[in-house]
Each structure stands twice: as structure tokens, then as C-alpha cells.
Amino acid sequence: MQRQTQVFKITDFKEKKQQLLYWANQYGSCSFLDNHQYISEHNRVECLVGVGAVQKFSPEKNHQQALRQLLAETPDWLFGHISYDYKNALDSSLATERLDRIGFETIHFFQPEVVVLLSNNQIEIQSLTTSPESIFREIEAFAVSNNVTPSQFTVKPRISKEQYLSIIEQLKRHILRGDCYEINFCQEFFAEDAVVDPLSIYAQLTQLSPNPFSCYYKLEDKYLLCASPERFLKKTGNQLMSQPIKGTFKRNTANVDADNLLKQQLYSSDKERAENVMVVDLVRNDLSRICKEASVKVAELFGIYTFPQVHQMISTIVGEVEDDVDFADILEATFPMGSMTGTPKKRVMQLINQYEVQPRGLYSGAVGYIAPNKDFDFNVVIRSILYNSTNKYLNYQVGGGITYYSNAEAEYEECLLKADSIRRVLQ
């Protein structure tokens, strides 16, 4: 089935973006991928949106085989997610039985009825059924509410601060024994009987933290409200790119000189560099499994990038993928991402199963798209609120990379810093 495609010029970009979000939310399947005007050679549109499910894909078993079949049979756009627990499909020895009360499937993709590409001066609409002209008029006419809907519920930590500090010390003993070199440990904050307006929450969150890999992702009654700064993997032609984040310093937005000094301190920090380079080596190893020999390179090491609340250390690793490698092969080699696990990856995931009391679910998974030509781009699901509107369960998780040199108290404070925008929105 061919898509009808039409491009429309716009002058009121900000208003159109809001209308597009509210229009997209009326669909049961909605993926609103939001760049927040970060200028980069690696991003070509401000928003990429897929809505309406012509076809849905959520296999319960034989995930890799089913994914390959989907890719072979669908020469069209696919939007969706891979949850952290897709690790179980790649290695059954890592399976756990913890109940995920948010309820996103292990893997889910949908073929959208409508795809919209928004840039600063135009909207491109690709539709399988309805004419692009009528869709554009519908978006233009869509009413936007800027009211903040008050939410009343109590957010509680799954583990106490004392338990967190104790676990970090236990993980450091594992590192001392040589079980691992670095491990990403996460904790959950949750609320029950939470009644919220997901659109309002997303608007507030991304106003405070307008990060380049944000998304408003909805599958019926399940919502991901994501303000992620991190890319997992992007494929363009036969080039793969990963941009792991490891290294975080709080900003001083009141003093430019002090803020610049913090950037220099982050760049020079032995601890942050040690965390970052370990993940870089892990990603290089992962990519080398599916890339041409000698093509994997570190394009940027220890890059310092500034976001509204924090400075982050981001490295960029690229490689030229082998011609016979598909998306399923790439996932098998690289997932879960090194920045949310650690080194060595399998032993670290065993320790995560042992010490984290909550299921990660979609947190530390990935959301993104696969284009008709099989190019793709996926984020890392961090700095995110997850919500199930049926059972009214809401949570967010936050973590950090633990090395032998980590200070448990400082790691706890870094978790609170990373979740600052989320806490402010939910309070």
C-alpha cells in the first residue's frame, strides 16, 4: 500500500508543534519523537510522529525470528520500543519473574496509519488512507489546552536511602573481587492510585528538560513521558552510531563563569572519564561483532554537552555495518546498551537481577523508529515517567554507574539530581 505524501509550509512553528502533539494523542498508538530544536548533523527534523496502528507486532516468544519476519514483510515505517527485558529473549539465563505494573510489552512495533515530519518551516504528512490535506486541516483546527492539571498522590522510594547506600557498598565489594569493573544500579520511585493527565505532565517535564531524545509514547492505557538526552543507536545507510552518556555534573545557571568551570571539571574528572571509557570500550566491542573489520572508531571521546540542569560527558562511536546484518542482528550484538548495564555486560546483568528489587520494564530500554529503507534511530529510555491509566500505577527510575571509586552518598545525590525535573513536575 502506497503512502500519499504532501508537504505544507508553516510560519507558526511552536503552535503547530503543540497542535500536532494534541492531535496525535487522540490515537491509541502514538509515538511523538521530539528533538526540542537541538541542532546536530545527526538530526534532520524537529519531530517525527507515527500514529494509528495498521499493524501491531508484540510476539510472546521466538522474538528474534518474529522480528526478522516483520522486517522482511514490512517495507514501511515502524515505530515502537524494546524494553530492558528483551535481554531475556537474547539470553534466557537472565530471565526474572518480577511483575511490571506499567505493563509495556517486551517488544512492540506498529506500522502507523499516518507519519508526520515536522521541521521549523514545514510539515510533511505521509498517510496510508486519509488524504494529507485533510489531516493537515485537522491538525490546524485542533484545540490546545495549556492548563496544568493538578495531581494528588504520594511518590515513595522502593528502597530507603540506607538500603541504597548499603547496596552500593556491596557492589563495590563485587568490583574489588573482580566480578565486574562498572555496574549501573537503578532504583524506583512509585505512586499508586495516581490520576494524572499524561499530556500535561509531558508538557511540564519537557519545558523543564527539553532534551534531544524526548518522546511522548502511548500504547492505549500505557504512557512513556520521556525527556532523554541519550541516543542508543542510529543507522544511516551502512553506518552505525552510538552515543553513550557517562559523566554528570550539576550546572550553575546563575553564574556563567562558574558554569564553564564545572564543564572543565567534568572533562578533567578521572572518575567520570574512567566510567565513560569503560562504556566506550564495551560499545566498541559490541559494534565490532556486526561491523566490518577495522571500521569501528571513536569519533568523539569525552565530549561535554550542556543540558538545562546538567553537563554530560558523551562519547560517539561509529562503525560500518556488514551488508547481511539486519536490525535483529544489531540488537543481539548491542542490547541492552552498555551505559545502562556495565562491564562485563552479562555478569553485570546477573548482579542487576540480584540487587535491583524492581523490574526495569521499558526504563533503560529504547524507543524509536525504523524507516522504510531500514535506517533507524533509537533513544535510551531515561529521565522518564511511566504511567498505566488503568491500574493508576506511576513510576520513574534513576540510576548511575558504580565503580570502585564511587562514593555511595555522592551517587545517591547524583540520582536525585538526574530526577530533579521529574520530582518537580510530580510535586
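Look up a bit, the structure's there.
Let me begin by describing the structure that accompanies this report.

Calculation criteria
Residues numbered from 1 in each chain as written. Predicted model: local features only at pLDDT ≥ 70, side-chain atom pairs only at ≥ 80, totals over all residues. Heavy atoms only, no water. Helix = DSSP H or I, 4+ residues; strand = E, 2+ residues; numbered from the N terminus. Buried < 20%, exposed > 50% of the residue type's maximum accessible area, 1.4 Å probe, protein only. Contact = heavy atoms within 4.5 Å. Polar contact = N/O pair within 3.5 Å; in protein donor to acceptor, adjacent residues only side chain to side chain. Pairing = 2+ DSSP bridges. Axes fitted to C-alpha atoms, helices over the stretch in contact; angles between N-to-C directions. Parallel < 35°, antiparallel > 145°, perpendicular 65-115°, else oblique. Left-handed = near helix turned anticlockwise from the far one by under 90°. Salt bridge = Lys/Arg side-chain N within 4 Å of Asp/Glu carboxyl O. Nonpolar A, V, L, I, M, F, W, Y, C, P; charged D, E, K, R; others polar.

Per the secondary structure count, the protein includes twelve helices and 20 strands. Taking the principal axes of its C-alpha atoms as reference, the protein extends roughly 65 × 50 × 45 Å. Buried residues in the protein amount to 59% of all 427 residues. Partitioning the contacts of the protein with sequence separation of at least 6, the portion at a separation of at least 24 is 76%.

Time to look at the side chain of Ser339. Within the fold, Ser339 resides in the loop between helix 9 (327-334) and strand 16 (342-343). If we ignore the near neighbours within four places in the chain, the residues touching Ser339 are Asn184, Glu230, Pro244, Ile245, Lys246 and Val279.

With that settled, consider the environment of Thr306. Inspection of the secondary structure puts Thr306 in strand 14 (residues 297-306). Sequence spacing of Thr306 and Phe249 is 57 residues, and the spatial spacing of their C-alpha atoms is 9.7 Å. With residues near it in sequence (within four places) discarded, Thr306 still touches Tyr38, Arg251, Lys263 and His311. A polar side-chain atom of Thr306 sits 3.0 Å from a polar atom in the side chain of His311.

In terms of residue burial, helix 11 (residues 408-418) counts as a mostly covered element, since eight of its eleven residues are buried. Restricting attention to buried positions, one finds in helix 11 the residues Ala408, Glu411, Tyr412, Glu414, Cys415, Leu416, Leu417 and Lys418. You can read the cap of helix 11 off the contacts: a side-chain oxygen lies 3.1 Å from the backbone nitrogen of Glu409, and it is on Asn407.

Turning next to the pairing of strand 8 (residues 182-191). Consecutive side chains along a regular strand alternate between the two faces of the sheet. Within strand 8, ten of the ten residues are buried, which leaves it mostly tucked inside the rest of the structure. Summarising the sheet, strand 8 and strand 16 pair through two bridges and their orientation is antiparallel. Looking at the pairing, Ile183 lines up with Gly342 of strand 16.

For the rest of this paragraph, the subject is the packing of helix 5 (residues 161-177) against helix 10 (residues 345-355). Interhelical geometry of helix 5 versus helix 10 gives an angle of 150 degrees and a closest axis separation of 12 Å. With respect to their mutual orientation, helix 5 and helix 10 come out roughly antiparallel. In this structure, helix 5 crosses over helix 10, and the sense of that crossing is right-handed. Packed against helix 5, whose contacting residues are Ile167, Gln170, Leu171 and His174, the element helix 10 presents Arg347, Leu351, Gln354 and Tyr355 at the interface.

Now for the pattern of salt bridges. A full pass over the atoms with the stated rule returns 33 salt bridges. Note that Glu332 is salt-bridged to Arg68, the shortest N-O span being 3.9 Å. With a gap of 264 residues between them, Glu332 in helix 9 and Arg68 in helix 2 (residues 63-73) connect regions that are remote in the sequence. Glu332 gets classed as partly exposed once you look at its relative accessible area, which sits at 39%. Assessed through its relative accessible area of 29%, Arg68 is described here as partly exposed. Taking the shortest distance from any N to any O, the salt bridge between Arg101 and Glu192 comes out at 2.7 Å. Of this pair, Arg101 sits in the loop between helix 3 (87-90) and strand 5 (107-118) while Glu192 sits in the loop between strand 8 and helix 6 (198-208); the two residues are 91 residues apart in sequence, bridging distant segments of the chain.

Attention now moves to the environment of Glu320. Secondary-structure assignment places Glu320 in strand 15 (residues 310-320). Considered as a pair, Glu320 and Ile290 are 30 residues apart in the sequence and their alpha carbons are 8.5 Å apart. When residues no more than four places from it in sequence are discounted, the contact partners of Glu320 are Asn238, Cys291, Lys292 and Ser295.

What follows concerns helix 6. Summarising burial for helix 6: eight of the eleven residues are buried, a large majority. Within helix 6 the residues assigned to the buried category are Pro198, Leu199, Ser200, Ile201, Tyr202, Gln204, Leu205 and Thr206. The inward-facing, buried residues of helix 6 contact helix 1 (13-24), strand 2 (29-34), strand 9 (213-219), strand 10 (222-228), strand 19 (384-388) and helix 12 (420-426).

All right, on to the packing of helix 5 against helix 11 then. With their axes 9 Å apart at the nearest point, helix 5 and helix 11 run at an angle of 125 degrees to one another. By the angle between their directions, the pair helix 5 and helix 11 is classed as oblique. For the element pair helix 5 and helix 11, the recorded crossing hand is right-handed. Of the residues in helix 11, those in contact with Lys161, Tyr164, Leu165, Ile168 and Glu169 of helix 5 are Ala408, Glu409, Glu411, Tyr412, Glu413 and Cys415. Considered class by class, the residues forming the contact of helix 5 with helix 11 number six nonpolar, no polar and five charged.

On their own, these measurements won't tell you what the molecule is for.
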